[in-house]
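# Fold and contact review
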Amino acid sequence: MWPALEGSEVEKLRGRLADSLPAVDLDAHAAAVGALGEAVRAGEVPTVHDISEGGLATALAECCIMDREHQRGATVDLTHWREIPARAVLFGEAQGRAVVTTTMPDTVLSIAAKHGVPARVIGRVGGADDP
């Protein structure tokens, strides 16, 4: 699912209202939910954050500040999507996308692949107390 700006918060800020919204792919969405559920039940994913209102940039920021006692930062590499406008990658709100944290990325990627869900490692999370 490509990041879609139609109907997004960033487009509303620019004074643009969408004439239509991207089609919802229910099969892809169900596969993503199934993969996330399996990864969570397996104990491989301690946190999941949907990419919706505000897009990936907002989801990452919210993940970093979620725990006021243990603030985090993230190093992120989005070069995989360099052909897509940065605004769309960062602020697109296409359905069925999520940010997950894991200490076992290979296992999570394997679960995603088993469900036919595109997934990739985009970075690392860290904080002041992390080595």
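As a reminder, the structure under discussion sits directly above these lines.
Each chain has its residues counted from 1, following the order in which its sequence is written. Owing to the predicted nature of the model, reporting of local features is limited to residues with pLDDT of at least 70; listing and counting of side-chain atom pairs is limited to 80 or more, with chain, interface and lining totals taken over all residues. Only hydrogens and water are removed before side-chain values are computed, so all heavy atoms of the structure are retained for them.

It is worth spelling out the overall build of the protein chain at this point. By the criteria applied, helices consist of DSSP H or I runs no shorter than four residues and strands consist of E runs no shorter than two, each listed in order from the N terminus. Within the protein chain one finds five helices and four strands. Along the protein chain, helices (α) and strands (β) appear in the sequence α-α-β-α-β-α-β-α-β when read from the amino end. Per-residue accessibility, obtained with a 1.4 Å probe over protein chains only, is compared with the maximum for each type, and a residue is labelled buried under 20%, exposed over 50%, and partly exposed between these values. Residues classed as buried in the protein chain amount to 25% of the 131 residues present. Whether two residues are in contact is decided by their heavy atoms, any of which lying within 4.5 Å being enough. In the protein chain, the share of contacts with a sequence separation of at least 24, taken over all contacts with a separation of at least 6, comes to 78%. Here the Shrake-Rupley method, with its probe set to 1.4 Å, supplies the accessible areas, and only the displayed protein chains count as covering residues. Looking at the protein chain as shown, the accessible area adds up to about 8800 Å², and 56% of this sits on carbon and sulfur atoms.

Structural remark: α-helix, 3.6 residues per turn; residues separated by three or four positions point the same way. The span one expects for a helix is its residue count, reduced by one, times 1.5 Å. The end-to-end C-alpha distance of helix α2 (residues 26-41) is 22 Å, a good match for the 22 Å that 16 residues give at a rise of 1.5 Å each. Among all positions in α2, only A31, A32, A35, G37 and A39 are buried. Of the surrounding secondary structure, the elements contacted by the buried residues of α2 are α5 (105-114). Polar contacts here mean pairs of N or O atoms no more than 3.5 Å apart (in protein, one a potential hydrogen donor and the other a potential acceptor; neighbouring residues in sequence count only if both atoms are side-chain atoms). Put simply, D25 is the residue that caps the front of α2, since its side-chain oxygen is 3.2 Å from the backbone nitrogen of D27. Positive phi appears at G43, one or two residues downstream of α2, with a value of about 80 degrees.

For the rest of this paragraph, the subject is the side chain of R97. Mapped onto the fold, R97 is located in the loop between α4 (86-91) and β3 (98-101). Of note is the side chain of R97, whose polar atom sits 2.6 Å from the backbone oxygen of G92.

For this analysis, a nonpolar core means a set of buried residues of the types Ala, Val, Leu, Ile, Met, Phe, Trp, Tyr and Cys, connected via side-chain atoms within 4.5 Å. Of all hydrophobic cores here, the largest spans nine residues; its members are A31, A32, A35, A39, V45, V108, I111, A112 and V117. Of all the elements, α2 adds the most residues to this core, at four residues. Leaving out residues up to four positions away in the same chain, I111 has contacts with A35, E38 and A39.

This brings us to the packing of α2 against α5. Running from amino to carboxyl end, α2 crosses α5 at an angle of 145 degrees, the nearest separation of the two axes being 9 Å. In terms of crossing hand, the pair formed by α2 and α5 is right-handed. Side by side, α2 and α5 meet where A35, E38 and A39 of the first sit next to I111, A112 and K114 of the second. Following the grouping adopted for this structure description, the nonpolar residues are Ala, Val, Leu, Ile, Met, Phe, Trp, Tyr, Cys and Pro, the charged ones are Asp, Glu, Lys and Arg, and the polar ones are all others, Gly among them. Of the residues that constitute the contact of α2 with α5, the class distribution is four nonpolar, no polar and two charged. Interaxial angles span 0 to 180 degrees and are taken between N-to-C directions of axes, which are lines fitted to C-alpha atoms, for helices over the stretch in contact. Left-handed describes a crossing in which the near helix is turned anticlockwise from the far one by less than a right angle; the clockwise case is right-handed.

Below, the discussion takes up the pattern of salt bridges. Two side chains with opposite charge may pair up if their charged atoms get near one another. Whenever Lys or Arg places a side-chain nitrogen within 4 Å of a carboxyl oxygen from Asp or Glu, that contact is recorded as a salt bridge. Summed over the entire model, instances satisfying the criterion amount to one salt bridge. The partner of E38 in a salt bridge is K114, and the shortest N-O contact between them spans 2.6 Å. Placement of the pair is E38 in helix α2 and K114 in helix α5, with a sequence separation of 76 residues.

This paragraph deals with the packing of aromatic side chains. The rule is short: rings of Phe, Tyr and Trp, with Trp giving its six-membered ring, pair when the centres are within 6.5 Å, and they are stacked under 30 degrees, edge-to-face over 60, tilted in between. For the structure shown, the criterion picks out zero aromatic pairs. Stacked on the ring of W81, the Lys or Arg R120 has its end atom at 5.8 Å from the ring centre. To sit over a ring, a charge needs its Lys NZ or Arg CZ within 6 Å of the ring centre and within 35 degrees of the ring normal.

So, on to the environment of A94. Position of A94 relative to the elements: it lies in the loop between α4 and β3. With 42 residues separating them along the chain, A94 and S52 place their C-alpha atoms 7.1 Å apart.

Right, let's talk about helix α3 (residues 55-65) for a bit. Looking at α3, one finds that the buried residues are G55, L56, A59, L60 and C64. Along its buried surface, α3 packs onto β1 (47-50), β2 (73-76), α4 and β3.

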